[in-house]
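# Report on the structure
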Amino acid sequence: MDVKTAGRVLDVLNLFAEEQKPLLYSEIAAQMEIPLSSCHGLLKTMVARGYLYEIGKKHGYYPTQKLIHVATLICHSDPLNAVIEPVLDRVRDITGETALLAKLADDKVVYLIVAESKQTIRFSHQPGGFKAVHATSSGKALLSVLSQDERQKWFKAYSGFAAYTDSTLTSQEAFDRDLEAGVARGWQRSVGENVEDVMSISLGFRAYEQPFAIVVAGPLSRMLKNEATTGKQLTEAKAMLQAALPSANLTFVGVDSR
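This one's a predicted model, so the numbers in the text were calculated from it and none came from an experiment. (Residues numbered from 1 in each chain as written. Predicted model: local features only at pLDDT ≥ 70, side-chain atom pairs only at ≥ 80, totals over all residues. Heavy atoms only, no water.)

### A few points about the overall build of the protein chain
Helix and strand content of the protein chain: 10 helices and 9 strands. Dimensions of the protein chain, computed from the C-alpha atoms along their principal axes, are close to 65 × 35 × 35 Å. Per-residue burial over the protein chain gives 44% buried out of 258 residues. Of the accessible surface of the protein chain, which amounts to about 13,800 Å², a share of 53% is contributed by carbon and sulfur atoms. Each charge sign in the protein chain was given a centre, from 28 positive and 29 negative side chains, and these centres are 3 Å apart. (Helix = DSSP H or I, 4+ residues; strand = E, 2+ residues; numbered from the N terminus. Buried < 20%, exposed > 50% of the residue type's maximum accessible area, 1.4 Å probe, protein only. Areas by Shrake-Rupley, 256 points an atom, 1.4 Å probe, with all protein chains shown as cover. Lys, Arg positive; Asp, Glu negative; His and termini not counted. Charge placed at Lys NZ, Arg CZ, Asp CG, Glu CD.)

And the structure:
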């Protein structure tokens, strides 16, 4: 299976997640913008592997529960999820806001684990979702744990500073200044830079020699009002991480780098 085919398999699954209904192969081909013959062969392979079933010629295809079964087995054996999820749950409970674990994925931020706030009005996101590095506190936190040389090398491959809102930082110079201010403060922040009415603050750290970030996100007005308290609570998560990951060679960035 080549890279294009692998990508199409994932696109099919994501399409069903978006549509949440059976689809004819002609509908799938049209939405994915691929030839009918290629789509038909792809779907037949997924049927043969047990990931799709055909309801009928007039009703189309739909995923089987094999996907849930496989995903559940994988998640149950995830070594990072088992130790980090309780930390995120605790951060969510003490801050009252959604807590997330973020990591760099090439030129984007990917959210690996999400502990969603229990408040009615809250920030919501799905695991595996991507965000722009330059427009998020998680991106700043992740790059803050890189050395200057590593950061400059990373920026050479970055695609650019697109403006998502009027508050988005649109140059590396502005990004670097904001990042350094966050290092001095003890946490990185994004105030309506990716979504106008959302604010987040993040704590960057290295574990297993990889950059990660714990993110707290919520409605902008509430987060601004509680930022100092939430920031202190987030930095206190260092002890929780050290207890959860005793052999991960944890390092932090900031005034207090313990």
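### Brief notes about helix H2 (residues 25-32)
Along H2, the residues that are buried comprise Ile28, Ala29 and Met32. Axial view of H2: buried residues confined to an arc of 100 degrees, hence all on one face. Buried residues in H2 make contact with helix H1 (3-19) and helix H3 (36-48). Just beyond H2, the residue with positive phi is Glu33, at close to 60 degrees. (Arc of directions from axis to C-beta. Contact = heavy atoms within 4.5 Å.)

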